[in-house]
Amino acid sequence: MLDIKNIAEMFPINHERVGIRLFTEKDITKEYISWLNDPEVVKFSNQRFKFHDSDSSKAFLKYINSLDAIFLKIIHKQSDEFIGTMTVYFSLNHSTADIGIMVGNRKFWNQGIGAEAWTALMNFLLDKLNVRKVTGGTLSCNRGMIRIFEKVGMIQDGIRIEQEIFDDKAHDIVYFAKFK
């Protein structure tokens, strides 16, 4: 069985251009909340259906901290700018972890930052935490996220046919995985 009780001590994770740290209440800034309410940033996320403020963000942080999960902050190492967030939901009994990512700071879009952060976290989970399988999923129309999955060496792991509506059309959710 996977053991994550001391996981906080294992952060930050540093990679070439990014650092990944635990997200704390002090990270709930106007900038962060603006990303959650930016239709372009959350275009493919179910967050697009919600309005976010400081209270809802604090409630989410409290909720995720009550689960077998971690909420993370992505930092640009050179400038120390806040780039985005990542989530990891663990299934401890099965030694699996499901990652989610949001690159909210548009200044860093289309630079490979998302793939770098994903790679750093995925490798940490597989190598340091001994996770057996890392997963992620997205709408089939989210070509950027699918490119990340493919770039980091994940394989397609399943499809939920016409699972969600996007732009008034039903789309599949495609899942990807990487095994230890």
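Refer to the structure above for everything that follows.
These figures come from a predicted structure and were not determined experimentally.

Engineer: Could you give me a rundown of the overall build of the protein, with the residues and numbers involved?
Structural biologist: Within the protein, the regular secondary structure consists of four helices and eight strands. Along the protein, helices and strands appear, N-terminal first, in the series β-β-α-α-β-β-β-α-β-α-β-β. At 16 Å, the protein has a C-alpha radius of gyration in line with the 16 Å of a compact globule built from 180 residues. Taking the principal axes of its C-alpha atoms as reference, the protein extends roughly 45 × 35 × 30 Å. Each of the 180 residues in the protein was classed as buried or not, and the buried ones make up 45%. Taking all contacts inside the protein whose residues are at least 6 apart in sequence as the whole, residues at least 24 apart take part in 60%. Distance between charge centres in the protein, computed from 24 positive and 23 negative side chains, equals 3 Å.

Engineer: Any chance you could break down the layout of surface pockets for me, citing the residues and the numbers?
Structural biologist: Of the voids in this model, the largest pocket is the one considered here, and its volume is about 1,700 Å³. Together, 49 residues line the largest pocket, and S45, I101, M102, N142 and M145 are the ones closest to its centre. Secondary-structure elements contributing two or more residues to the lining of the largest pocket are α1 (30-36), α2 (54-65), β4 (81-91), β5 (96-103), α3 (113-128), β6 (133-139), α4 (143-151) and β8 (169-179). Looking at the lining of the largest pocket element by element, the count peaks at seven residues for α4. Looking at the lining of the largest pocket, its residues break down into 24 nonpolar, 17 polar and eight charged.

Engineer: So what about unusual backbone geometry? Which residues, and what values?
Structural biologist: In the segment running from F11 into P12, the intervening peptide bond is cis, with an omega of 10°. If you trace the backbone, P12 turns up in the segment before β1 (13-14).

Engineer: Before we move on, could you go through the pattern of salt bridges and cite the residues and values that matter?
Structural biologist: Applying the stated criterion to the full structure yields nine salt bridges. The shortest N-O distance in the salt bridge between R17 and E116 comes to 2.8 Å. Separated by 99 residues along the polypeptide, R17 in the loop between β1 and β2 (18-22) and E116 in helix α3 bring together distant segments of the chain. Taking relative accessible area as the criterion, E116 reaches 8% and is therefore assigned buried. In this structure, D157 and K133 form a salt bridge, with 3.1 Å as the shortest nitrogen-oxygen distance. Taken together, the positions of D157 in strand β7 (residues 155-166) and K133 in strand β6 put the pair 24 residues apart, joining distant regions of the chain. What makes D157 partly exposed here is its relative accessible area of 35%. Given the relative accessible area of 16%, K133 is considered buried.

Engineer: Help me get a handle on the pairing of β4, residues and values and all.
Structural biologist: Within β4, eight of the 11 residues are buried, which leaves it mostly tucked inside the rest of the structure. Taken together, the eight bridges between strand β3 (residues 69-76) and β4 define a ladder with antiparallel strand orientation. In the sheet register, H76 faces β4, and the bridge partner there is E81. In this antiparallel pair of consecutive strands, β3 and β4, the connection spans four residues, and D80 shows a positive phi of 60°.

Engineer: Describe the environment of I4, naming the residues involved and giving the relevant values.
Structural biologist: For I4, the position within the fold is in the segment before β1. Considering only alpha carbons, one finds I4 and M86, 82 residues apart in sequence, at a separation of 17 Å. Once you skip the residues sitting within four places of it in the chain, I4 turns out to touch D68, A69, F90, L92 and L129.

Cut-offs applied
Residues numbered from 1 in each chain as written. Predicted model: local features only at pLDDT ≥ 70, side-chain atom pairs only at ≥ 80, totals over all residues. Heavy atoms only, no water. Helix = DSSP H or I, 4+ residues; strand = E, 2+ residues; numbered from the N terminus. Rg over C-alpha atoms; globule rule 2.2 N^0.38 Å. Buried < 20%, exposed > 50% of the residue type's maximum accessible area, 1.4 Å probe, protein only. Contact = heavy atoms within 4.5 Å. Lys, Arg positive; Asp, Glu negative; His and termini not counted. Charge placed at Lys NZ, Arg CZ, Asp CG, Glu CD. 1 Å grid on protein atoms, 1.4 Å probe; cavity = no way out; pocket = protein on both sides within 12 Å on 5 of 7 lines; lining within 4 Å. Points joined across faces, edges and corners; volume = space filled by probe spheres on them. Nonpolar A, V, L, I, M, F, W, Y, C, P; charged D, E, K, R; others polar. Salt bridge = Lys/Arg side-chain N within 4 Å of Asp/Glu carboxyl O. Pairing = 2+ DSSP bridges.

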